[in-house]
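Coordinate inspection notes
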Amino acid sequence: GARRVSLRARHARRVTAASFEVPKSEGRARDEMGVAFDGTLTPEQVDTYRKDGFLVIPDFASPDEVAGMLRRADELVEAFDPSSVPRSIFTTKDQKRTSDAYFLESGNHLSFFFEEDAFDESTRELRQAKAQSINKIGHAMHDLDPTFRAFSRSAKVGKLLRSLGMAKPTPVQSMYIFKNPRIGGEVSAHQDSTFLRSDPMTCTGIWIALEDCSIGNGCLWALKGSHTEGVSKQMVVDPSRRDGISFEGEYPSWDLTKFSPLEVEAGTMVLLHGENVHYSAPNTSDASRHAYSVHFVDADATWDPRNWLQRRGDFPFAALDDDAE
């Protein structure tokens, strides 16, 4: 475990360290990396994001941040006892989620979700090591875990979102996605606003590659301009019962040949408009594809009471501070 983390951390440092050779004190904007030092997007980047519905920002996360998140995820997995929770398998292929209380309450916790094929049907035991069987951890990492909270609520993340015109960026959902070798499942084409709806719709996602992402290990694919066509499907939970999940409406049939593969190095951020259509294929390689994602809405928008993710009254959503924590 520790050796694997150190090897990954060294690799993450190796693929990004060259970008950090210029001292910050020189005040040189990171033009070649697509973002100023403080996280503020250029007008050209904002234009690209508005046109395409996504933006790739190399080296947004520093090598130390990447290594720290990898290390912390390994610690969380090491401490996790699979027998302590329901076997909540995160089903992605048909966009179904287990409708048990464990999932529906996970917006208030750090919860663990297994891959579809993690368990042997006959023995009910994990087919392989625990660390290789988990699909993701979610969905309140940005508030409950110090390492992920520090990144999610950093000044540069706030400046990035405010440069898009978001008045009060508020993190509502966070996930550590493992995409483990040979078992990391497909995430079919979808729009994040299907699951995280506000009025007006303000959902914006940041997705951080913690390892190099390629077509082989299941990188993101995004459809340029698809964010301008609206959201025709919504995942809903009856707010009075909170015991079942359903979908209203249907997605159109998207032509997967028109999607762009986002092959990126560790440390890269992919900024995703909530109405952009994107997917990832299964990981068919021997290399994992760890990533951390956070979804934000504007606090001035109204959170849909039928969204699956609802916070307890004593644990409300909290907007980013104007300054770093």
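This text follows the structure it describes.
Procedures and definitions
Each chain has its residues counted from 1, running along the sequence as written. Reporting in this predicted model follows two pLDDT cut-offs: at least 70 for local features of residues, and 80 or more for side-chain atom pairs to be given and counted; totals over whole chains, interfaces and linings ignore these cut-offs and use all residues. As a rule here, side-chain values cover all heavy atoms of the structure and leave hydrogens and water aside. Think of a nonpolar core as a cluster: buried Ala, Val, Leu, Ile, Met, Phe, Trp, Tyr and Cys residues, connected wherever their side-chain atoms sit within 4.5 Å. Accessibility here uses a 1.4 Å probe with only protein chains present; expressed as a share of the type maximum, an area under 20% marks a residue as buried, one over 50% as exposed, and anything in between as partly exposed. Numbering of helices and strands runs from the N terminus; a helix is a DSSP stretch of H or I covering at least four residues, while a strand is a stretch of E covering at least two. Any two residues whose heavy atoms approach within 4.5 Å are treated as being in contact. What a helix is expected to span follows from its residue count: subtract one and scale by 1.5 Å. If DSSP finds at least two bridges between two strands, the strands pair. Geometry is summarised by axes, namely lines fitted to C-alpha atoms with helices restricted to the contacting stretch, and by angles between N-to-C directions that run from 0 to 180 degrees. The positive count covers Lys and Arg only, the negative count covers Asp and Glu only, and His and the chain ends enter neither. Salt bridge, as applied in this entry: a Lys or Arg side-chain nitrogen positioned within 4 Å of an Asp or Glu carboxyl oxygen. Distance and chemistry together define a polar contact, namely a pair of N or O atoms within 3.5 Å, with one atom able to donate a hydrogen and the other to accept it when in protein, and with adjacent residues in sequence counting only for side-chain atoms on both sides. Classification of ring pairs uses Phe, Tyr and Trp, with its six-membered ring standing for Trp, and accepts pairs whose centres are within 6.5 Å; under 30 degrees between planes counts as stacked, over 60 as edge-to-face, and the remaining range as tilted. Note on geometry: a ring has a charge over it if NZ (lysine) or CZ (arginine) is within 6 Å of the ring centre and within 35 degrees of the ring normal. Think of a 1 Å grid over the protein atoms and nothing else: a 1.4 Å probe that fits but is trapped marks a cavity, an open set flanked by protein within 12 Å on at least five of seven lines marks a pocket, and residues with an atom within 4 Å of a point count as lining. Grid points are joined across faces, edges and corners, and a volume is the space filled by probe spheres set on the points. Under the scheme applied, nonpolar residues are Ala, Val, Leu, Ile, Met, Phe, Trp, Tyr, Cys and Pro; charged residues are Asp, Glu, Lys and Arg; polar residues are all the others, including Gly.

**Structural notes on the nonpolar core**
With 76 residues, the main nonpolar core has Phe 151, Leu 160, Tyr 176, Ile 206, Trp 207 and Trp 308 as its most contacted residues. Broken down by element, the residue count for this core peaks at six residues, all from helix α3 (residues 63-79). The contacts of Phe 151, once residues within four sequence positions are left out, are Phe 60, Ala 61, Glu 65, Met 69, Lys 156, Val 157, Ile 206, Ile 208 and Tyr 292.

**Side note on α3**
With 17 residues, α3 ought to run about 24 Å at 1.5 Å a step, and its terminal C-alpha atoms sit 25 Å apart, in line with that. Within the sequence span of α3, burial applies to Pro 63, Val 66, Ala 67, Gly 68, Met 69, Leu 70, Ala 73, Asp 74, Leu 76 and Val 77.

**Points about the sheet that holds strand β11 (residues 260-262)**
A sheet is described by the order of its strands in space; here four strands give the open sequence β5-β13-β8-β11, paired in antiparallel fashion. Either end of the sheet is taken by a strand with one partner, and the two such strands are β5 (187-190) and β11. Taken over all neighbouring pairs, the strand axes of this sheet differ in orientation by 25° on average, direction set aside. Examined bridge by bridge, strand β8 (residues 220-222) and β11 share three bridges and lie antiparallel to one another. Across the sheet, residue Leu 220 finds its bridge partner in β11, namely Leu 262.

**Quick notes on the side chain of Lys 179**
Mapped onto the elements of the fold, Lys 179 is located in the loop between β4 (169-177) and β5. Here Lys 179 is buried and forms no salt bridge, its nearest opposite-charge partner Glu 115 lying at an N-O distance of 7.0 Å. Among the polar contacts made by the side chain of Lys 179, one reaches the main-chain carbonyl oxygen of Ala 281 at a distance of 2.9 Å.

**Overview of the packing of aromatic side chains**
Counted by the stated rule, this structure contains 14 aromatic pairs. Ring geometry for Phe 60 and Phe 151: centres 6.4 Å apart, planes at 85°, overall edge-to-face. In this pair, Phe 60 sits in the loop between β1 (54-57) and α3 while Phe 151 sits in helix α6 (residues 146-152), placing the two residues 91 residues apart along the sequence. Taking the relative accessible area as the measure of exposure, Phe 151 reaches 3% and is therefore buried. Within the aromatic cluster, the residues linked to one another by ring pairs are Tyr 102, Phe 103, Phe 113 and Trp 308. Over the ring of Phe 60 we find Lys 156; its NZ or CZ atom is 5.0 Å from the centre of that ring. One residue, Lys 233, lies across the ring of Phe 247, its end atom 4.7 Å from the ring centre.

**What about the layout of surface pockets?**
In this model, the largest pocket occupies a volume close to 210 Å³. The wall of the largest pocket is formed by 13 residues, among which Arg 50, Leu 164, Met 166, Thr 202 and Thr 204 lie closest to the centre. Partitioning the lining of the largest pocket into residue classes produces six nonpolar, four polar and three charged.

**Focus on the sheet that holds strand β14 (residues 291-298)**
Ordered by their spatial adjacency, seven strands build an open sheet running β1-β12-β7-β14-β4-β3-β2, and the pairing between neighbours is antiparallel. In the strand order of this sheet, the two ends are held by β1 and β2 (110-114), each with one partner. Adjacent strand axes in the sheet meet at a mean angle of 20° when their direction is disregarded. Relative to β4, strand β3 (residues 134-139) runs antiparallel, the two sharing four bridges. Along β4, the bridge assignment pairs Lys 136 with Ile 177. Packing of helix α2 (residues 43-52) onto the sheet brings it into contact with β1, β7 (204-209) and β12 (269-273), and relative to β1 it is tilted by some 135°.

**Looking at unusual backbone geometry**
Across residues other than glycine, the phi torsion is negative in most instances, and most of the peptide bonds are trans. Geometrically, the link from Gly 138 to His 139 is a cis peptide bond, its omega value of 5° lying close to zero. One can find His 139 in strand β3. Residue Pro 200 follows Asp 199 across a cis peptide bond; omega there is -5°. Considering the arrangement of structural elements, one finds Pro 200 in the loop between β6 (198-199) and β7. A positive phi is found at Asp 59, a non-glycine position, where the angle reads about 60°. The residue Asp 59 is located in the loop between β1 and α3 in this model. Positive phi values are uncommon outside glycine, yet Lys 179 reaches one of about 45°. A residue is classified by how much of its surface remains accessible, and Lys 179, at 3% relative accessible area, is buried.

So, to be careful, I would describe these as geometric facts and stop short of saying anything about function.
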